[in-house]
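Examining the three-dimensional arrangement
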Amino acid sequence: MPKRILILGGGTGGVVAAKRLSSKLRGREDVEITLVTDNPYHEFQPLYFDLAVGNASPEEIRAPITSLERRGVHVVIDKVESIDAANRTVKGRRGVYGYDYLIVALGVRYGWEAYRGLAEAGYHNYTLEGAVELSKALARFKKGRLVVLVPELPHRCGMYPHEAVTMLAESFRNRGLDVEVVLMTPEKSPMGALGADFPRTWLPLYEKLGVERVIHNGLEEVDASRRIIRARNVEEKYDLLIKVPPSRLPTPLEKSEGFQYKQDPRWAPARGRDFRHPDYDDVYLTGEHSMVPAGLVTAGIPVHYATELASDLVAADITGAYVPGMTRVMTCVGYYGASSGLAGNCEVEYDEKQDKRRLKCYLAGISPIIRLMKEAFYKAWVASLK
């Protein structure tokens, strides 16, 4: 019987796993690779913000997920409901799927319900539909106080709020619009958890562009009718609100026994060494839902590298091939204002005693060329699936 590899999720992790495994196991009749996702499109989520600010169209940021079938991957459009790891099965709405190896990359669930009024207030660009609505709101907004709200840490892509406020502030200034831009966040220092380089890089740009930082010590509610954000230590008024979603465990993992991290139920457990489930060696958890327990940040780059390692381990178990191990350096590229880009490197080390990855991060450079590199990489990613 062929070895069955099952991939859950059609986002970054799922696509990386499908591409890498299909490449390493190409031509083997003793292997079946199946990807299950509830979205017929792969939407490249880092481009949602580009869509929101008018730099991309919906068709430019997505591609049919069934294009992976050209690589020998069987794609099933179904909504995953739960995992029975003890019996090596996954339950979907349309069927039950067995596996010999399972790679779980289901991202995170957006926990808007975690704070009163947050679901009803403002706009966001964390879904394609949300980005389209935010694009319309930004096009209408000519004057007033724009607040980007971070309810809690950690959240998807730690660089995003800093990219957003500096890019928007410079763009409004270039258009001659009277707009105040505010970042309301519990993060005391911009990306300070990753090292001293990043606050030294972001704070001068904040000052130059007149971006205000408001540090809250716990969000309480958002009053949409009065356009007021209330935290334990401060209240903030807004005319336009852009909100970052709280990260929560995806529902299928929440419903599955053994897939909730005991120390923090927002996440799913994973070993730092190899991203396997602590109790099941045939289950790999490489989505954002497992980056915090593994010692990494919740962003696409760690998901990419974790999934590459998991895919290499699965392929090696089948073929006996050499496993190079996880890349030691991760590079993250972001927007820096409206016309430049920022690149940061994170050196990755494994702490065997704590079973976690450790990051040592530093600034690699700032340049308009870096911005072009980011845009080219993102659009090439989508083009590779068309």
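The structure contained in this document is the topic of the report that follows. (Residues numbered from 1 in each chain as written. Predicted model: local features only at pLDDT ≥ 70, side-chain atom pairs only at ≥ 80, totals over all residues. Heavy atoms only, no water.)

1. A few points about unusual backbone geometry
For residues other than glycine, phi is negative in most cases, and the peptide bonds are mostly trans. Using the following cut-off: Secondary structure elements are taken from DSSP: a helix is a run of H or I of four residues or more, a strand is a run of E of two residues or more, and numbering for both begins at the N terminus.
Here the residue pair L153 and P154 is connected by a cis peptide bond, since its omega of -10° sits within 30 degrees of zero. Tracing the backbone through its elements, the reader meets P154 in the loop between β11 (143-149) and α4 (160-174). Its identity as a non-glycine residue notwithstanding, C157 has a phi of 60°, on the positive side. Following the sequence through the fold, C157 ends up in the loop between β11 and α4.

2. As for the nonpolar core
Under the convention used in this document: In these notes, a set of buried Ala, Val, Leu, Ile, Met, Phe, Trp, Tyr and Cys residues joined through side-chain atoms within 4.5 Å is what counts as a nonpolar core. When a residue's accessible area, from a 1.4 Å probe over protein chains only, is under 20% of the maximum for its type it is buried; when over 50% it is exposed; and in between it is partly exposed. Residue contacts are defined here by distance: any two heavy atoms, one from each residue, within 4.5 Å place the two residues in contact.
In this structure, I5, L21, L146, W202 and I229 are the most contacted members of the largest nonpolar core, which totals 102 residues. Here this core takes nine residues from helix α8 (residues 300-319), the largest share from any one element. Leave out the neighbours within four places in its chain, and I5 touches L21, L25, V31, E32, I33, T34, Y101, V314 and I318. Membership of the second largest hydrophobic core comes to 19 residues, among which are L6, L8, V80 and A268.

3. Observations concerning the pairing of strand β12 (residues 178-185)
Worth spelling out the cut-off: Pairs of strands are assigned from DSSP output, requiring at least two bridges between the strands. With the strands aimed away from the viewer, a crossover counts as right-handed if its path from the first strand over the helix to the second runs clockwise.
With respect to burial, β12 is a largely interior element, six of its eight residues being buried. Summarising the sheet, β11 and β12 pair through seven bridges and their orientation is parallel. When the bridges of β12 are listed, G144 appears paired with V179. Here β12 pairs with strand β13 (residues 212-215) via four bridges, running parallel. From the neighbouring strand, V182 faces β13, where its bridge partner is E212. The parallel pair β12 and β13, bridged by helix α5 (residues 197-209), forms a crossover whose chirality is right-handed.

4. Concerning helix α9 (residues 368-383)
Each α-helix winds once per 3.6 residues, and so residues spaced three or four apart point in a common direction. Short version of the rule: Working rule for helices: expected span equals 1.5 Å times residues minus one. The directions from the helix axis to the C-beta atoms form the arc being described.
Between the first and last C-alpha of α9 there are 23 Å, a value that for 16 residues agrees with the 22 Å anticipated at 1.5 Å per step. All of the buried residues along α9 are I370, R371, K374, Y378, W381 and V382. Viewed along the axis of α9, the buried residues span an arc of 115°, placing them on a single side of the element. Away from its buried face by more than 90 degrees, α9 exposes I369, L372 and M373.

5. Here we look at the pattern of salt bridges
Put simply, the rule is: The term salt bridge refers to a pairing of a side-chain nitrogen on Lys or Arg with a carboxyl oxygen on Asp or Glu at a separation within 4 Å.
Applying the stated criterion across every chain, the model contains 32 salt bridges. Here D38 and K79 are joined by a salt bridge, their closest N and O atoms 3.3 Å apart. Taken together, the residues D38 in the loop between β2 (31-37) and β3 (41-43) and K79 in the loop between β5 (74-77) and β6 (80-84) connect sequence positions 41 residues apart. Accessibility expressed as a relative area gives 35% for K79, which makes it partly exposed. Here D351 and R358 are joined by a salt bridge, their closest N and O atoms 3.6 Å apart.

6. Describing the state of the cysteines
The cut-off we apply is this: Cysteine sulfur atoms that pair up within 2.5 Å are treated as a disulfide.
Following the criterion strictly, the structure yields one disulfide and no others. The disulfide partner of C346 is C361, and the S-S distance across this bridge is 2.0 Å. Measuring the twist about the S-S bond at about 105°, one finds the C346-C361 disulfide to be right-handed. On the criterion of sequence distance, the pair formed by C346 in strand β21 (residues 340-351) and C361 in strand β22 (residues 356-367) is long-range, its members being 15 residues apart. For C346, a relative accessible area of 13% corresponds to the buried category. This cysteine, C332, is not joined by any disulfide, and C157 carries the nearest cysteine sulfur, 5.8 Å off. Under the relative-accessibility criterion, C332 is labelled partly exposed at 29%.

7. Let's talk about the pairing of strand β1 (residues 3-8)
A regular strand places its side chains so that they alternate between the two faces of the sheet. Both β1 and β2 contribute to a ladder of six bridges, which runs parallel. Residue I7 lies in a different strand from β2, and its bridge partner there is L35. Following the backbone out of β1, through helix α1 (residues 12-24) and into the adjacent parallel β2, one traces a crossover that is right-handed. One ladder, built from four bridges, connects β1 with strand β9 (residues 101-104); its direction is parallel. The partner of L8 across the bridge, within β9, is V104.

8. Section: α1
Between its first and last C-alpha atoms α1 spans 18 Å; for 13 residues at 1.5 Å apiece the expected length is 18 Å, and the two agree. Residues G13, G14, V15, V16, A17, A18, K19, L21 and S22 constitute the buried set of α1. Looking at the buried positions of α1, the neighbouring elements they touch are β1, β2, β3, β9, α8 and α9.

9. As for the side chain of R156
So the rule is basically this: Two N or O atoms count as a polar contact when they lie within 3.5 Å, although within protein this holds only if one can serve as hydrogen donor and the other as acceptor, and sequence-adjacent residues are included solely when both atoms are side-chain atoms.
Within the secondary structure, R156 sits in the loop between β11 and α4. In this structure the side chain of R156 is engaged in a polar contact, spanning 2.9 Å, whose partner is the side chain of Q45. Polar contacts involving the side chain of R156 include one to the side chain of E288, which spans 2.3 Å. Not counting residues within four places of it along the chain, the set of residues in contact with R156 comprises Q45, G107, V108, Y110, Y126, S247, E288 and T298.

These figures come from the coordinates and say nothing about function on their own.
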